[in-house]
Amino acid sequence: MSEDHGHGQGHGHEAPAHGHGHDDHGHGGGEHRTHFSPAGFTPGLAVMLLGIVAGGWCFSAGRSGHLALGPASIDLNGLFDAPWASLVILCLPLVAAFVQIFFGRKLPRNGDWVSTIAVGAGLALSLMMLGRIIGIYDWQFERVHEMEWISLFSRTFPGAQDVVTFRVPMGILIDNVTVIMLVVVTLVSTLVHIYSIGYMADDPRYSRFFAYLSIFTFSMLGLVLCNNVFALYMFWELVGLSSYLLIGFWFEKKSAADAQKKAFLVNRVGDIGMFLGILTFFLMTGELTYKGIFGSVANGAFGAQMGLLTAAGVLLFMGAVGKSAQFPLHIWLPDAMEGPTPVSALIHAATMVAAGVYLVTRMYPVFTPNALIVIAWFGGFTAIFAATIALCANDIKKVLAYSTVSQLGYMIMGLGAGAYTNGFFHLWTHAFFKACLFLGSGSVIHAVVTQDMREMGGLRRKMPITFWTMLLSTLAIAGVPFTSGFTSKDGILGDLLFAAHEHPALWPVVIFAFAGAGLTAFYMFRLIFMTFTGEPRAKEKFEHAHESPWVMAAPLVILGSLAILSDKGGWFQELVGKPESAAAAAIAHAEAMKPGAKPHAEKAPGHEGDAGPSHAKAPDVGSGYVGSLPVAHAGANPYHPPHSEELHHAHSAAMVLSILVAGLGIGLSFFTYQKKLIDPAKIAAAAAPVHRLLLNKYWIDEFFHETLVKPALSISRACSRFDLKVVDGFVNLWGKATEVWSWIAGTFDQKVVDGAVNGTADVVMSAGAALSRFQTGRLKTYLAWAVAGLVILTGGFHLVTHWAQIVEHLTRK
Amino acid sequence: MNHILSLMTFVPLLGAAIIIALPRQKHELVKSVAACAAGIPLFLSYFIWKGFDRTTAAMQFVERFDWIPMFHIQYSMGIDGISVTMVMLTALISFICIFASWNIEKGVKGYFALFLLLETGMMGVFCAMDFFLFYVFWEVMLLPMYFLIGIWGGPRKEYAAIKFFMYTLVGSVLMLVVMLVFYFNVTDPATHEHTFDLLVLRNQDANSGSLLVNSVRFLCFIGLFVGFAIKVPMFPFHTWLPDAHVEAPTAISVILAGILLKMGTYGMFRIAFPLLPDIANDCAWWIGLFGLINIVYGALCAMAQDDLKKLVAYSSISHMGYCLLGMGAMTTAGFNGAMLQMFNHGTITSMLFLLVGVIYERVHHRWISRFGGLATMVPVYTGFVTFAFFASLGLPGLSGFISEAMCFIGAWQNGTPAYLKLTILATSGILLGAAFHLWALQRMFLGEKNKIYTEQYHHVTEINGREIFCLVPLVIVILWVGVYPGPLLDMMNVSLSDLQAFMAHYKYNH
């Protein structure tokens with residue numbers, strides 16, 4: 001039964017050529033391939049429980065600020081005062097990756113424990129940190145540790161005092177957002193490591209898989225921890241590399257190799273934008289650290305060029321469009337499902353794709369109101385766009401992939417609409433329930449050896465743990481009350497509704513968002529019904545199905561519980577507060593700089609008339625929209641203004657509406673796929689063009705292929721031909737011409753000049769003959785050459801001397 | 001250690017002399033002598049690394065005495081931040097190439113003697129402070145290269161060798177003419193004699209009486225620039241490169257791409273820019289434009305290649321474009337980026353050519369489309385290629401990224417709208433570079449084995465110890481510079497910022 005994991009066979013993909021379950025590939029013993037029974041109490045389960053206890057212990061130790069080790073007690077109050085803890089978290093996976101790459105196959109169990117322990121230790125430390133920040137309970141908590149990495153100086157004139165003009169610091173920034181991201185990354189990563197022990201057990205490149213996972217974890221942690229945009233960009237690309245390596249883990253399949261290339265290249269498109277954005281900020285502010293950029297922007301580094309500030313923000317956001325798979329660069333993420341399912345859960349659902357959201361969160365202060373509206377539009381459109389595609393997908397992983405795209409759209413949209421806390425909150429809750437869904441789908445694929453939901457059905461009885469955990473997560477993603485997903489999504493929708501009151505440009509986004517919520521509920525329950533309930537549609541596959549071993553089931557249980565619990569406690573909203581907007585300050589600066597403005601900011605209301613309408617509006621937008629949009633659930637968080645009446649109304653309305661659309665979606669799904677009262681085939685036939693459009697994913701891939709890939713390839717071929725025929729052809733023509741000319745000259749030389757020379761040559765020859773009695777014949781040739789050379793050189797000098805005189809003559813003129 | 005530069009330059013020549021004296025059959029002995037002769041400069045470069053003063057822009061390790069007093073030609077050697085990394089790079093790459101040539105069977109004596117002569121020429125070019133001496137070394141380097149391609153090369157070796165020779169000679173002639181113009185028009189203020197001393201020629205404020213008129217200065221700059229651009233190679237003078245690379249034996253390709261190309265950009269930094277700073281400033285945008293063309297055009301051409309070696313050759317053209325872009329920016333970050341890119345390209349492209357040589361030695365062809373699925377057969381080799389490709393496409397953490405990013409940052413700092421446009425367009429190189437590398441990687445290593453050309457797979461064997469020995473030092477350098485470029489940048493920064501300030505001075509006082 002464990003011979004096959006069914007990597008995409010349901011899709012008609014060939015299984016990797018090397019096959020699975022080969023015992024001759026250097027696995028260290030068959031020990032780790034033992035399948036644990038989900039029913040019994042096994043060592044694997046014991047370790048899991050121990051892990052949960054240990055995690056809780058770390059968390060509470062962090063909370064209290066004391067780590068009790070028997071009689072000794074370590075004071076954790078200084079946990080953030082030195083960078084060591086973060087560096088340990090960061091470097092352990094890197095060390096593990098090196099160990100795996102060089103010694104992986106020589107270690108017992110192929111070294112899976114090296115990577116798992118490395119990331120597990122990171123998780124322990126991260127939980128301790130989380131406990132500590134909850135213990136500290138300061139929403140503005142922040143520590144920075146920094147060193148010089150590159151520092152170049154310039155001089156104003158040669159030999160003058162050096163001035164540092166280009167400085168790239170490397171450092172660690174720890175604040176609440178960082179710690180929350182650390183927990184997300186290490187927690188999901190640890191669970192995925194454990195899950196992979198079961199899922200990847202029979203893969204011939206088992207140790208390599210863990211090496212890549214470790215590289216990824218390292219890069220992602222670096223992305224989260226660093227304190228400047230340059231380092232952010234570096235780790236940004238490194239997670240891209242890990243994604244590349246892991247998508248193409250089964251590179252024997254052409255589809256996998258295509259997908260990995262596509263993922264890297266599409267991401268690079270976004271990265272170019274991001275790079276230009278970074279360059280723009282650097283050019284204007286001279287800073288690369290987050291804090292430096294914010295401070296500089298707030299102090300008016302952009303002067304009156306608010307358009308440029310908006311553009312720089314949008315360019316920066318392009319990175320997020322690529323990494324977080326927003327329209328139109330979303331095309332790589334569904335293809336990325338070619339990678340092993342644990343990878344999809346870790347990288348392409350919970351962590352890496354959320355990096356774009358993290359980027360927007362991190363750089364939030366520099367986005368101008370206009371930039372934020374652009375961001376909200378990108379997110380909102382993506383949210384509904386991807387949800388519609390997910391309606392018709394039959395591949396279980398593709399449904400989840402489009403749902404990820406859609407949910408990322410929600411986060412981005414939320415951030416764009418000013419829902420800073422809730423947008424980031426959705427990242428947190430989504431990480432758990434989506435990882436659970438992916439790992440659950442992996443469990444299903446593992447059991448039935450297909451990814452096609454049309455060949456599933458009725459699996460609830462065979463796989464109860466998988467079913468219940470997936471159901472919990474589905475409830476969360478659908479936005480059913482009392483789940484984590486409800487809280488975060490509802491928060492976004494409420495904030496969005498509120499923002500739309502101020503900004504009519506956001507009304508379409510509101511419609512996208514609520515419609516998308518309904519669609520999400522529909523297609524997610526469609527997945528549940530098609531997979532787990534009803535009658536099995538492929539009998540043989542159903543017969544072989546089985547619940548997964550505990551190494552795979554236990555992570556599901558933990559993540560499934562988190563799908564319900566991760567929003568509880570209310571600490572998140574207290575610890576994540578919207579930072580002060582540097583862009584608003586910049587806009588105020590720009591206003592003050594305008595010729596019409598009085599030098600001292602108090603403007604008389606009557607002054608507005610002669611400065612034009614934009615004059616009065618801009619600062620209003622800046623302060624009212626970016627700066628002071630209240631954040632839901634604001635409590636002790638001192639920056640949050642008190643709840644306003646409108647915000648409260650917006651949230652109540654959003655809650656009612658979102659429960660309604662979710663219920664509608666679930667109900668429709670229930671009647672269609674469970675009760676079969678509605679026949680989906682009939683609807684598809686009735687709306688055939690729409691159905692075709694959705695099945696073909698709006699032909700976006702084809703569009704890019706025709707408009708970008710194909711032209712690029714033909715241009716490249718044209719360039720190559722041009723190079724060969726025209727540029728080189730010209731060179732060769734020149735060569736030919738020289739040859740012809742030299743033939744003419746040679747003939748002339750032979751017939752005319754040589755006649756005169758021959759006489760001279762006779763004399764030389766006889767002298768040479770005399771010499772050759774002492775020397776070899778070859779030397780004579782050399783000698784002749786040397787003489788000729790001397791003649792040419794002297795002649796040349798002579799000529800040049802005269803030429804220089806001519807030049808001098810010209811100079812005089 | 002007063003003569004460390006002379007030692008580094010002439011020990012290989014001594015080695016060449018010894019090799020000529022050795023008996024013809026003793027291949028191993030010849031190779032060992034060559035290894036020693038190339039090893040000594042590498043060993044000495046450690047002392048340069050230790051002893052180099054990173055706080056001054058002045059020439060260091062200077063040696064100077066009259067060579068041909070009649071024409072005021074001096075034997076003057078010295079290095080500053082512009083040349084020091086190139087000297088160390090030359091020592092490293094040359095040493096590695098001796099081992100990469102270990103399988104040479106034909107004309108062993110001649111090959112290694114010429115190779116060492118080549119190293120002397122290259123070292124000399126980077127150390128010479130006298131224009132005439134520079135020129136002499138430049139020519140010394142040309143001759144062995146011609147024979148190494150022409151005798152030990154591939155099927156079209158004669159064509160490639162002559163093309164290379166003629167092209168370089170055109171550049172030399174242009175340089176010679178300009179050199180003589182300067183010689184006859186500039187006098188050393190200290191001695192009131194004509195001079196070839198590059199430092200004196202640069203110091204034009206002091207001899208403004210002998211400055212040339214602008215039109216002549218412009219012609220001189222074009223002469224120098226084209227002379228060096230041929231070497232870079234800059235579009236449209238680049239077509240010698242793919243031919244020379246494809247035909248040259250592996251080690252010579254490595255030298256060609258790793259070091260010879262750098263002489264073009266080095267010459268610009270050392271001679272064209274400081275001697276004619278005002279004209280260089282006027283032409284800055286054009287330099288950037290050609291940089292842009294190189295980046296995009298090189299990458300596009302590379303994408304269309306089916307010959308792996310040609311692909312790497314065109315990728316070199318693309319990468320050297322970043323140098324031009326950074327140089328044209330006339331900013332400190334741009335200069336440093338260009339200089340670092342020269343060093344990094346030297347290591348990365350060397351690795352690429354060595355790796356091409358590895359597969360060529362086994363299957364005797366380089367057609368990308370005939371491969372496929374190599375990753376399962378030769379995982380270690382695949383690992384090295386993947387590493388080199390990713391370094392070449394500018395993955396952060398590896399050296400190529402730092403220098404490319406700095407070139408862009410420098411170009412961006414230039415600040416003029418015209419240059420910003422160039423830079424924005426040039427960023428497409430990031431994407432194109434990734435595209436052709438990854439595509440080639442996929443076609444050769446991923447997917448399934450080629451179903452038509454199955455015979456070749458019998459010859460595909462894993463990379464051997466000698467080849468790994470050649471590659472590992474480069475891997476280390478690439479990683480080290482990628483992770484912590486500070487020490488290397490410190491070496492070049494002072495000289496380059498001094499040069500930048502010098503250039504800026506002439507921009508505003510022009």
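In this convention, every chain numbers its residues from 1, walking through the sequence in written order. Whichever chain is written first is A, and whichever ligand is written first is 1; the rest continue in order. Totals for whole chains, interfaces and linings use all residues, but because this is a predicted model, local features are given only for residues with pLDDT of at least 70 and pairs of side-chain atoms are given and counted only at 80 or more. Only heavy atoms go into the side-chain values, all of them from the structure, while hydrogens and water stay out.

1. Re the overall build of chain A
Defined as follows: A run of H or I in DSSP counts as a helix once it spans at least four residues, and a run of E counts as a strand once it spans at least two, with each numbered from the N terminus. Residue contacts follow a heavy-atom distance rule, with two residues in contact if any of their heavy atoms lie within 4.5 Å. Throughout, the Shrake-Rupley method with a 1.4 Å probe supplies accessible areas, and for residues the shown protein chains are the sole cover considered.
The secondary structure content of chain A amounts to 30 helices and four strands. Sequence separation of at least 24 residues holds for 80% of the intrachain contacts in chain A that already meet a minimum separation of 6. Summed over all atoms, the accessible surface of chain A reaches about 32400 Å², with 68% contributed by carbon and sulfur.

2. Here's the deal with the overall build of chain B
What counts, and what does not: Values of the radius of gyration come from C-alpha atoms, whereas the globule rule sets the reference at 2.2 Å times the count of residues to the power 0.38. Exposed residues in this analysis have more than 50% of their type's maximum accessible area, buried residues have under 20%, and partly exposed residues fall in between, with area computed by a 1.4 Å probe over protein chains only. None of His or the chain ends enter the tally, which takes Lys and Arg as positive and Asp and Glu as negative. Here the site of a charge means NZ on Lys, CZ on Arg, CG on Asp, or CD on Glu.
Summing up its helical and strand segments, chain B has 21 helices and four strands in all. Its C-alpha atoms give chain B a radius of gyration of 22 Å, within 12% of the compact-globule value 24 Å for 510 residues. By its C-alpha atoms, chain B is 75 × 60 × 40 Å across when sized along the principal axes. Taking all 510 residues of chain B together, the buried fraction comes to 69%. Considering only contacts within chain B whose residues lie at least 6 apart along the sequence, 81% involve residues at least 24 apart. Charge centroids of chain B, computed over 27 positive and 28 negative side chains, lie 8 Å from each other.

3. Focus on the packing of aromatic side chains
We count it as follows: Put simply, two rings from Phe, Tyr or Trp (the six-membered ring, in Trp's case) pair if the centres are within 6.5 Å, and we call them stacked under 30 degrees between planes, edge-to-face over 60, tilted for the rest.
The full count for this structure, using the stated rule, is 73 aromatic pairs over all chains. Ring geometry for F209 of chain A against F249 of chain A: centres 5.2 Å apart, planes inclined by 75 degrees, an arrangement best described as edge-to-face. Here F249 of chain A lies in the loop between α6 (229–247) and α7 (254–285) and F209 of chain A lies in helix α5 (residues 206–225), a separation of 40 residues in the sequence. Accessibility expressed as a relative area gives 1% for F249 of chain A, which makes it buried. When the centroid spacing of 5.8 Å and the interplanar angle of 75 degrees are considered together, the rings of F275 of chain A and F408 of chain B count as edge-to-face. Placement of F275 of chain A in helix α7 and of F408 of chain B in helix α17 (residues 399–414) is noted, with the two residues assigned to different chains. One aromatic cluster is present, formed by W149, F230, Y233 and F275 of chain A together with Y322, F401 and F408 of chain B through successive ring pairs.

4. Observations regarding helix α11 (residues 341–350) of chain A
One turn of the α-helix equals 3.6 residues, which is why residues spaced by three or four share an orientation. A large share of α11 of chain A lies buried, amounting to 10 of its 10 residues. Within the sequence span of α11 of chain A, burial applies to T341, P342, V343, S344, A345, L346, I347, H348, A349 and A350 of chain A.

5. Quick look at the interface of chain A and chain B
Threshold: By convention, the term buried area covers the 1.4 Å-probe accessible surface removed from two parts as they join, with the contributions of both added. Note on definitions: salt bridges are taken to be side-chain nitrogens of Lys or Arg within 4 Å of carboxyl oxygens of Asp or Glu.
The interface is formed by 62 residues belonging to chain A together with 74 residues belonging to chain B. Of the roughly 5800 Å² buried between chain A and chain B on both sides combined, carbon and sulfur atoms contribute 74%. Of the charged contacts, one joins D728 of chain A and K163 of chain B as a salt bridge, the two residues approaching to 2.5 Å between their closest N and O atoms. Of all the secondary-structure elements, those providing two or more residues to the side of chain A that touches chain B are β3 (142–155), β4 (162–175), α6, α7, α29 (700–771) and α30 (777–812) of chain A.

6. Some thoughts on the packing of helix α15 (residues 420–448) of chain A against helix α17 (residues 464–478) of chain A
All names here are of chain A. The criterion, for reference: Whenever a helix is involved, its axis is fitted only over the stretch in contact; in every case the axis is a line through C-alpha atoms, and angles between N-to-C directions fall within 0 to 180 degrees. Handedness of a crossing follows from how the near helix is turned relative to the far one, being left-handed for an anticlockwise turn of less than a right angle and right-handed for a clockwise one.
It is the contact of α15 with α17, at a shortest axis distance of 9 Å, that shows an interaxial angle of 145 degrees. Considering how the two elements wind past one another, α15 and α17 form a crossing that is left-handed. The residues of α17 that touch α15, namely those facing F433, K434, C436, L437, G440, S441, S443 and V444, are T466, T469, M470, S473, T474, A476 and I477.

7. Let's talk about the pairing of strand β1 (residues 66–69) of chain A
All names here are of chain A. The line we're drawing: Here a strand pair is declared whenever DSSP counts at least two bridges between the two strands.
Two strands pair when backbone bridges link them, and β1 and strand β2 (residues 72–75) are joined in this way by four bridges, in the antiparallel orientation. Its bridge partner being in β2, L67 is matched across the sheet by I74. Between β1 and the antiparallel strand that follows it, β2, lie two residues; G70 among them carries a positive phi value of about 65 degrees.

8. Describing the environment of T332 of chain B
Applicable threshold: Identification of polar contacts relies on pairs of N or O atoms within 3.5 Å, with a donor-acceptor requirement for protein atoms, meaning one able to donate a hydrogen and the other able to accept it, and with residues adjacent in sequence counted only if both atoms are side-chain atoms.
Structurally, T332 of chain B can be placed in helix α14 (residues 332–363). Separated by 167 residues in sequence, T332 of chain B and L499 of chain B have C-alpha atoms that sit 8.6 Å apart. Once residues lying within four places of it in the same chain are set aside, the contact partners of T332 of chain B are F153, S154 and T165 of chain A together with N493, S497 and Q500 of chain B. Here the side chain of T332 of chain B touches Q500 of chain B through a polar contact of 3.4 Å, side chain to side chain.

9. Things to note about the pattern of salt bridges
For the structure on display, the rule yields 27 salt bridges over all chains. Between E455 of chain A and K541 of chain A there is a salt bridge, with the nearest N and O atoms lying 2.8 Å from each other. Taken together, the residues E455 of chain A in the loop between α15 and α16 (459–462) and K541 of chain A in helix α20 (residues 539–544) connect sequence positions 86 residues apart. When its relative accessible area of 24% is taken as the criterion, E455 of chain A is described as partly exposed. With a relative accessible area of 28%, K541 of chain A lands in the partly exposed category. Linking D567 of chain A and K568 of chain A is a salt bridge whose minimum nitrogen-to-oxygen distance equals 2.6 Å. Within this structure, D728 of chain A together with R156, K163 and D243 of chain B form a network of salt bridges that share partners.

10. Observations concerning α17 of chain A
Residues and elements named next belong to chain A. Applicable threshold: One less than the number of residues in a helix, times 1.5 Å, gives the span that helix is expected to have.
With 15 residues, α17 should cover 21 Å at 1.5 Å per step; its first-to-last C-alpha distance of 21 Å lies within 8% of that length. Across the 15 residues that make up α17, a large majority, 11, are buried. Those residues of α17 not exposed but buried are I465, T466, F467, T469, M470, L471, S473, T474, A476, I477 and A478. Backbone geometry just after α17 places G479 at a positive phi near 85 degrees.

11. Points about unusual backbone geometry
In this structure, the amide linkage connecting V232 of chain B to the following residue, P233 of chain B, adopts the cis form with an omega of -10 degrees. Position of P233 of chain B among the secondary structure elements: in the loop between α8 (214–231) and α9 (240–247). The step from F235 of chain B to P236 of chain B runs through a cis peptide bond, and the omega angle for that step is 5 degrees. Mapped onto the elements of the fold, P236 of chain B is located in the loop between α8 and α9. The phi dihedral of K697 of chain A is positive, around 55 degrees, even though this residue is not glycine. Accessibility expressed as a relative area gives 28% for K697 of chain A, which makes it partly exposed. Residues other than glycine seldom take positive phi values, yet Y698 of chain A does so here, at roughly 60 degrees. When you line up the elements, Y698 of chain A lands in the loop between α28 (688–695) and α29.

12. Some details on the side chain of N267 of chain A
By the secondary structure assignment, N267 of chain A is in helix α7. For N267 of chain A, the residues in contact, after removing those within four places along its chain, are G322, K323 and W332 of chain A.

13. Quick notes on the nonpolar core
Considering soluble globular proteins, one finds that nonpolar side chains tend to be buried as a cluster. The cut-off we apply is this: Throughout this description, the term nonpolar core refers to a set of buried Ala, Val, Leu, Ile, Met, Phe, Trp, Tyr and Cys residues connected via side-chain atoms within 4.5 Å.
Within the largest apolar cluster, 435 residues are counted, with the highest numbers of intra-cluster contacts made by F131 and F273 of chain B. Other than its neighbours up to four places away in sequence, F273 of chain B contacts F221, M268, A280, I287, M327, M330, F335 and M503 of chain B. In this structure, L493, A500, V510 and L647 of chain A belong to the second largest nonpolar core, which totals 22 residues.

14. Remarks on the side chain of N294 of chain B
All names here are of chain B. Along the chain, N294 turns up in helix α12 (residues 284–304). A polar contact is formed between the side chain of N294 and the backbone nitrogen of F235, at a distance of 2.8 Å. In contact with N294, other than residues within four places in its own chain, are P233, M234, F235, A299, I317, S318, G321 and L324.

15. Section: the packing of helix α12 (residues 355–362) of chain A against helix α14 (residues 396–416) of chain A
Residue and element names in this part refer to chain A. Where we set the bar: For this classification, under 35 degrees means roughly parallel, over 145 means roughly antiparallel, 65 to 115 means roughly perpendicular, and everything else is oblique. Under the convention adopted here, Pro, Cys and the residues Ala, Val, Leu, Ile, Met, Phe, Trp and Tyr are nonpolar, Asp, Glu, Lys and Arg are charged, and Gly plus all remaining residues are polar.
Two numbers describe how α12 lies on α14: the axes approach to 10 Å, and their chain directions differ by 5 degrees. Relative to α14, the element α12 lies roughly parallel. Seen from α12, the contacting residues are V357, V360 and T361; seen from α14, they are L408, M411, I412 and L415. Class assignment of the residues belonging to the contact of α12 with α14 gives a composition of six nonpolar, one polar and no charged.

16. Considering the state of the cysteines
Residue and element names in this part refer to chain B. Let me state the cut-off plainly: Our working definition of a disulfide is a cysteine sulfur pair at a distance within 2.5 Å.
This model, assessed by the stated rule, comprises zero disulfides over all chains. The thiol of C323 is unpaired, and the distance to the nearest cysteine sulfur, on C407, comes to 5.9 Å. C470 carries a free sulfur, and the closest cysteine sulfur to it, the one in C97, is 7.9 Å from it. Taking the relative accessible area as the measure of exposure, C470 reaches 3% and is therefore buried.

17. Section: the environment of L420 of chain B
If you trace the backbone, L420 of chain B turns up in helix α18 (residues 417–426). Through-space distance from the C-alpha of L420 of chain B to that of F408 of chain B is 9.7 Å; in sequence the pair is 12 residues apart.

18. A closer look at the confidence of the model for chain B
Do not read the predicted coordinates in detail wherever pLDDT is low. Residue and element names in this part refer to chain B. How we decide: In predicted models, pLDDT denotes the confidence assigned by the predictor to each residue on a 0 to 100 scale.
For chain B, per-residue confidence averages 89 on the pLDDT scale, and 97% of positions sit at 70 or higher. The low-confidence segment residues 206–210 (pLDDT under 50) makes eight contacts with residues lying over four places distant or belonging to another chain. Across the interfaces of the predicted complex, the ipTM metric reaches 0.92, alongside a pTM of 0.87.

19. Brief notes about the confidence of the model for chain A
Residues and elements named next belong to chain A. Taken residue by residue, chain A gives an average pLDDT of 80. The fraction at 70 or more is 80%. Counted against residues more than four places away or in other chains, residues 1–40, with its pLDDT under 50, gives 88 contacts. Under a pLDDT of 50 for its full length, residues 599–642 has, in the predicted model, 84 contacts with residues more than four places off or in other chains.

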